[in-house]
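Structure at a glance
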Amino acid sequence: MPGTDVSALLVRPCPDPKFGDYQCNALMSLAKERRMNPRQLAADVLARLDVSEWCEKAELAGAGFINFRLRTSALAQALQSAARAAHPIVQTAKPPRTIVIDFSSPNVAKPMHVGHIRSTILGDCLARTLRLLGHRVITDNHIGDWGTQFGMLLVGWKTVLDRAALATDALGELERVYRLVSPQCDEERPEFNPRVRDRARLELVKLQQGDAENLGIWREMIALSQVQFDTIYARLGVQFDHALGESFYNPRLKAVVEELRARGIARDSEGAVCVFSDGSLPPKDDPFLIHKDGAWAPNPCLIQKSDGGFNYATTDLATLAHRLETWRPDEIIYVTDGRQQLHFRQLFATFRRWHPEAKVKLAHVWFGSILGEDGRPFKTRAGETVKLADLLDEAEERAFQLVTRLRPELSEAKRREIARVVGIGAVKYADLLPNRQSDYLFSWDRMLALEGNTAPYLLYAYTRTQSLARKARESGVSAGDVSELKLGALEEIALAKHLLNFGLVLEAVGEEYRPNFLCNYLYELAGLLSRFWEGCPVLKSADPERSSRLRLSELTGAVLKQGLEVLGLETTDQM
RNA sequence: GCAUCCGUAGCUCAAUUGGAUAGAGCAUCUGACUACGGAUCAGAAGGUUCCAGGUUCAACUCCUGGCGGAUGCGCCA
């Protein structure tokens, strides 16, 4: 049945509706494999295919495409049955998989900034998508709560902390303290002070050895940061199943290094412990090799520093092992920026050698950076990184101005509520719309525009479905049973066909980790809905049509709402 | 220097991973409707997909070589 098992037939929606509704092009690559004439093969298959029950037409075209045109009756029937699912037009995955998603990962004692927004929003969207598709999703926030920065923070806490400032703006004060101490520990900076650096190292060692005072301060810094994280995640509507920070893995790090060394995967080098190439991969694909001066040179992955300390790679290996033992996932997804590609290639390769039997799929879902309107990395006018809390404030404020301009008659409380949904939604939508791998330009004007592929446009389309339904109820018109869907006008048919593809788009988002597919789908859906309303009067029409059209409008509203929810956007019934 | 990613309409971005005549929005120009919620809809114009080769039925997509940009390359995460 179209819309349900089309992927089994290797067909997909036609790129251009004038060719048909669905097309099969898989036969052409099959023909190439078998060195056959593609058009002949397609003709043979077509001759044996009987799809007359669903299709008014199935024809051979071009170099070997088979195009299918659905019967309108079959379309209505397919849509009706798909709409009866627990989540309309969503088919749950046949074998549900266990998928761990690692995203957001803010640092303790530092304000969350724009650098965290893409990971947070993208990771949350993938979690929502895969859950809706029926998978068992486990979200884990790998918080940066351990490492060298705590040596410096402890020095600052003990020497220059302003208690009053800590009480009013904890993160601001911690940031100030860190900025005061950090340059003094950096040999390359003019502020460098070897006594401060040595003190920082000492405080870090004491912390790592379990010194009671330092542990107490460390815990307080975590608690203060957690308040900030909770506030931001609540505003964004993001939830985690676990938040196992780096410190959680600290007790395991030594054993990881010992095991890798004992197994010959890692060895000592210049006082550090490193993983080198084992020659099992072609040099071009080997993350432990680098092309230098015309030859392949070692590009090792450090898992223990020469001072005995552990680093990012060590923690990530321990984390991977823990996740595998604890949750037995089929897949682990890491959502980080593109600069960490080499790190993850080395991490995954090291892990494969460590656990060659593991079947888990490891995916590094990376994204580009956010640029300001000048094309440079996104900063405040003063050149500072933009804090996430400030960004969300501004989004809500700008949306409030917009709502106030358009709907001055609404109460302030109502306008504030709409502005919250629209403002936060606009930030999220602007982040999910571009292909994640490209850098994108941050623009308030574009993300809050009323026309075009924006959150306000989609949210507005949804509110129209709700107000139409409200008006229908008030005038006593029934929405009609699903079984009464009658598709006549071209606009109705086009809308119905697009609705039917919702599940396929969700699957593509989950497979390719690309929410922009869903953004574009919803934008097209909203456009088709507007055209449908333009061409097909609903409440003004007579009854067999009226209830069917009302039903089609409501179904579109339900899909819009579900789609926006998967993207992490709230909806509102009034705008 | 080497590696990864990117280069598409004036601007911002798509293109279901090798499929049919490369699509949207903004900006520009034109049109519809005293509106079942106009924050609407329809139309026009805009392209040598950075350049040069190659692979095949088919290339924005893959390969080779350039040009331009971002990022990363041994003790940060």
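Residues numbered from 1 in each chain as written. Chains lettered and ligands numbered in written order. Predicted model: local features only at pLDDT ≥ 70, side-chain atom pairs only at ≥ 80, totals over all residues. Heavy atoms only, no water.

1. Quick look at the packing of aromatic side chains
- Scanning all chains against the criterion turns up 12 aromatic pairs.
- Measuring from ring centre to ring centre gives 5.8 Å for Phe344 and Phe348, while their planes differ by 55 degrees; the resulting arrangement is tilted. Separated by 4 residues within a single helix, Phe344 and Phe348 lie in helix α12 (residues 341-354), roughly one turn from each other.
- Judged by relative accessible area, which is 2%, Phe344 ranks as buried.
- For Phe348, a relative accessible area of 14% corresponds to the buried category.
- Taken together, the ring pairs in this structure connect Phe103, Tyr233 and Phe240 into an aromatic cluster.
- Lying over the aromatic face of Phe19, Lys18 brings its terminal NZ or CZ to 5.5 Å of the ring centre.
- In this structure, Arg267 packs its charged tip against the face of Phe276, placed 4.0 Å from the ring centre. (Phe/Tyr/Trp six-rings, centres within 6.5 Å; stacked < 30°, edge-to-face > 60°. Helix = DSSP H or I, 4+ residues; strand = E, 2+ residues; numbered from the N terminus. Buried < 20%, exposed > 50% of the residue type's maximum accessible area, 1.4 Å probe, protein only. Lys NZ or Arg CZ within 6 Å of the ring centre and 35° of its normal.)

2. Quick word on the pairing of strand β13 (residues 361-367)
- Counting buried residues in β13 gives 6 out of 7 residues, a clear majority hidden from the surface.
- Of the pairings in the sheet, the one linking strand β12 (residues 331-337) to β13 comprises 7 bridges and is parallel in character. Looking at β13, one finds that Ile333 is bridged to Ala363.
- Taken together, β12, α12 and β13 constitute a β-α-β crossover, and its handedness is right-handed. (Pairing = 2+ DSSP bridges. Right-handed = clockwise from strand over helix to strand, strands pointing away.)

3. Thoughts on the nonpolar core
- Judged by nonpolar contacts, the single largest core of 142 residues is most densely connected at Ile101, Leu391 and Leu518.
- With near-sequence residues (within four places) excluded, Leu518 lies in contact with Phe502, Val505, Leu506, Val509, Gly563, Val566 and Leu567.
- Residues Leu260, Ala318, Trp327 and Ala349 belong to the second largest nonpolar core, which totals 33 residues. (Core = buried A, V, L, I, M, F, W, Y, C linked by side-chain atoms within 4.5 Å. Contact = heavy atoms within 4.5 Å.)

4. Some thoughts on the sheet that holds β12
- In space, the 4 strands of this open sheet follow the order β6-β5-β12-β13, with parallel pairing throughout. With one partner strand each, in any of the chains shown, β6 (136-140) and β13 form the two edges of the open sheet. Sheet twist, expressed as the average angle between the axes of neighbouring strands with direction ignored, equals 20 degrees.
- Direction of pairing for strand β5 (residues 98-102) relative to β6: parallel, over a ladder of 5 bridges. Within β6, the position partnered with Asp102 by the bridge is Asp140. (Axes fitted to C-alpha atoms, helices over the stretch in contact; angles between N-to-C directions.)

5. A look at the protein's contact with RNA strand B
- By nearness alone, 63 residues border RNA strand B, and Lys305, Asn435, Tyr460, Arg464 and Lys471 come closest of all.
- Near-protein atoms of RNA strand B (within 4 Å) split between backbone and bases, with sugar and phosphate holding 53%.
- Within the residue set of the surface near RNA strand B, elements represented by two or more residues are α1 (26-33), β4 (65-70), β8 (272-275), β9 (289-292), β15 (440-441), α16 (455-474) and α19 (516-535).
- Tallying contributions element by element places α19 first for the surface near RNA strand B, with 8 residues.
- Each residue belonging to the surface near RNA strand B can be placed in one class, and the counts come to 29 nonpolar, 16 polar and 18 charged. (Near = heavy atom within 4 Å. Nonpolar A, V, L, I, M, F, W, Y, C, P; charged D, E, K, R; others polar.)

6. Considerations on the confidence of the model for chain A
- Across chain A, the average pLDDT comes to 90, with 97% of residues at 70 or higher.
- Of the regions scoring below 50 in pLDDT, residues 1-8 engages in 15 contacts with residues more than four places distant in sequence or in other chains.
- This prediction of the complex comes with two scores: 0.94 for pTM and 0.94 for ipTM. (pLDDT = per-residue confidence, 0-100.)

7. Some thoughts on the sheet that holds strand β7 (residues 266-269)
- Pairing within the open sheet is antiparallel, and its 3 strands lie in the order β7-β8-β11. Pairing within the sheet leaves two strands with one partner each, and these edge strands are β7 and β11 (301-304). In this sheet, adjacent strand axes meet at a mean angle of 45 degrees when their direction is disregarded.
- As defined by bridge partners, β7 adjoins β8 across 4 bridges and the pair is classed as antiparallel. By the bridge assignment for β8, Ala266 is matched with Val275.

8. Examining the packing of α16 against helix α20 (residues 543-567)
- Relative orientation of the contacting elements α16 and α20 amounts to 140 degrees, with a least axis distance of 9 Å. When the axes of α16 and α20 are compared, the pair comes out oblique. In this structure, the crossing between α16 and α20 has a hand that is left-handed. Between α16, through Leu458, Leu459, Ala461, Tyr462, Thr465, Leu468, Ala469 and Ala472, and α20, the contact on the second element is made entirely by Leu550, Ser553, Glu554, Gly557, Leu560, Lys561 and Leu564. (Parallel < 35°, antiparallel > 145°, perpendicular 65-115°, else oblique. Left-handed = near helix turned anticlockwise from the far one by under 90°.)

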